[in-house]
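Letter by letter, the chains look like this.
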Amino acid sequence: MRAKNGMIYQNNYARTAAFYEATCAPAVENDLTKKAANEFLISIYRTIGEQCDDIGLKAVSDVFFQPWEQQKGREADVKVIRTPFIKIEELMEQLFFYCRNAVITEKGLSVSTEIFSPKKIFISVLSAAGAPVTQKGKIEINCGKDCAEGLKKLSELAVTTRTDGTEDLIKSVFYFSRCAFDHDVDWLSQCFDDMMDADGRIVFLCAKLNELGYHREVMIDGRYISLNYVKEYGKKAEPIKRAWADKSHLGIEISYEDLCIVPATLHIRLPRFAELLSRFDEIPDDAKKLIFEKLKNCDGCRYCVRTDKSGMRPLAAIAVEGVRKCPYFPSFSLRWNEVSEELPKQLMSLLEAYTIFGDKQ
């Protein structure tokens, strides 16, 4: 099953399994081993989504949150949504470790029992997915030689290191579980495009930003996964954060947040935004239109003066064509779960508006 914004699923495991399948890289058609590995991982996710109760995963009815809905009072539903993520991630981490240590046989993969001890769910899921697991002195996955070669190759290519040279296990498991043989290829833009029924507009936007020198980076923060195209926009290099909290990068973020009925969201990253608003007359018309129509109007919440003990500090709102706009956290209001035909052009215009600052430093 494919993941889509607004979709209701048969159960909580079907929702999570759909997300894993939907964010897998496409099969490499001209390489039988890579294609076999891709098909095997897809079969695992479909097995979990369709047969969860038969393989030891207790499913419950699908639940979800509306946009901006608070978790307070619905802690049990949060657990219902997130338990499948934990279970599947544990399974994929175990499979990743297994494949890294396995040797290829004529029937599949084999690992010594001294190295690997499979959990019950590992055996039941893989067996139900068409790769029986046997334990006779060795742990063997009978997935076929082509698939075994593909999985072994994938486990090697998935390894990702941090800037200090240590392995980033979370990203390594992510690339493995999404069958991403080539990290230099942006497959996620098409995945998010499909989730948001964007008709190629997200793919187009990402390709244009890539042409303009924006750096592509995948960010994983728990179950929050995002594709980012960014440019440094500060005095020193900083790690990227979620768009709403990032003051050091210009660009976009396309994210998946597990709790929401519309989990896929496009955000824009806008540093020095108050200064941009103050020079509103200088920016392009498409950017003006987007800001005026979408950016939050000041509602007097007084967040901007919460630390003012004198009570004299004026609100931070900036007048834009006679309307007082809030300059704080623009990514909270400049976010979309749907992509109109005109939106990519408007976003590009807004990013290009930063040329009014000249040297970004």
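Quick look at the structure, then. Everything numeric here is computed off the predicted structure, so don't read it as measured data.

Here we take up unusual backbone geometry. One non-glycine residue with positive phi stands out, namely Trp68, at about 70°. Note that Trp68 resides in the loop between α2 (32-51) and α3 (75-101). For Asp197, which is not a glycine, the phi torsion comes out positive at approximately 50°. Residue placement: Asp197 occurs in the loop between α7 (188-195) and α8 (201-211).

All right, on to the pairing of strand β4 (residues 138-141) then. Going residue by residue along β4, you find Ile139 and Ile141 tucked away on one face and Lys138 and Glu140 left uncovered on the opposite face. Bridging between strand β2 (residues 109-112) and β4 involves four bridges; their strand directions are antiparallel. Looking at β4, one finds that Ser110 is bridged to Glu140. As judged from the three bridges shared by strand β3 (residues 133-135) and β4, these two strands associate in the antiparallel manner. Across the sheet, residue Val133 finds its bridge partner in β4, namely Ile141. Linkage of β3 to β4, two consecutive antiparallel strands, is achieved through a turn of two residues, within which Gly137 is found at a positive phi near 85°.

Within the secondary structure layout, Arg216 lies in strand β5 (residues 215-221). One buried charge, Arg216, has no salt-bridge partner; the nearest side chain with opposite charge is Asp186, at 4.8 Å. In this structure the side chain of Arg216 is engaged in a polar contact, spanning 2.8 Å, whose partner is the backbone oxygen of His183. In terms of polar contacts, Arg216 uses its side chain to reach the backbone carbonyl oxygen of Asp184, at 3.0 Å. Apart from the residues lying within four places of it in its own chain, the contact partners of Arg216 are His183, Asp184, Val185, Asp186, Leu227, Asn228 and Tyr229.

With that out of the way, let us pick up the nonpolar core. Ranked by internal contacts, the top residues of the largest apolar core, which has 104 residues, are Ile44, Ile48, Leu95, Tyr98, Leu126 and Leu266. Sequence-distant contacts of Leu95, that is, excluding residues within four places in its chain, are made with Phe40, Leu41, Ile44, Phe122, Leu126, Ile141 and Phe176. Within the second largest apolar cluster, six residues are counted, among which are Val78, Val80, Ile81 and Leu259.

This part takes up the sheet that holds β2. In space, the four strands of this open sheet follow the order β1-β2-β4-β3, with antiparallel pairing throughout. Either end of the sheet is taken by a strand with one partner, and the two such strands are β1 (103-104) and β3. Bridging between β1 and β2 involves two bridges; their strand directions are antiparallel. By the bridge assignment for β2, Ile104 is matched with Leu109.

Definitions and limits used
- Residues numbered from 1 in each chain as written.
- Predicted model: local features only at pLDDT ≥ 70, side-chain atom pairs only at ≥ 80, totals over all residues.
- Heavy atoms only, no water.
- Helix = DSSP H or I, 4+ residues; strand = E, 2+ residues; numbered from the N terminus.
- Buried < 20%, exposed > 50% of the residue type's maximum accessible area, 1.4 Å probe, protein only.
- Pairing = 2+ DSSP bridges.
- Lys, Arg positive; Asp, Glu negative; His and termini not counted.
- Salt bridge = Lys/Arg side-chain N within 4 Å of Asp/Glu carboxyl O.
- Polar contact = N/O pair within 3.5 Å; in protein donor to acceptor, adjacent residues only side chain to side chain.
- Contact = heavy atoms within 4.5 Å.
- Core = buried A, V, L, I, M, F, W, Y, C linked by side-chain atoms within 4.5 Å.

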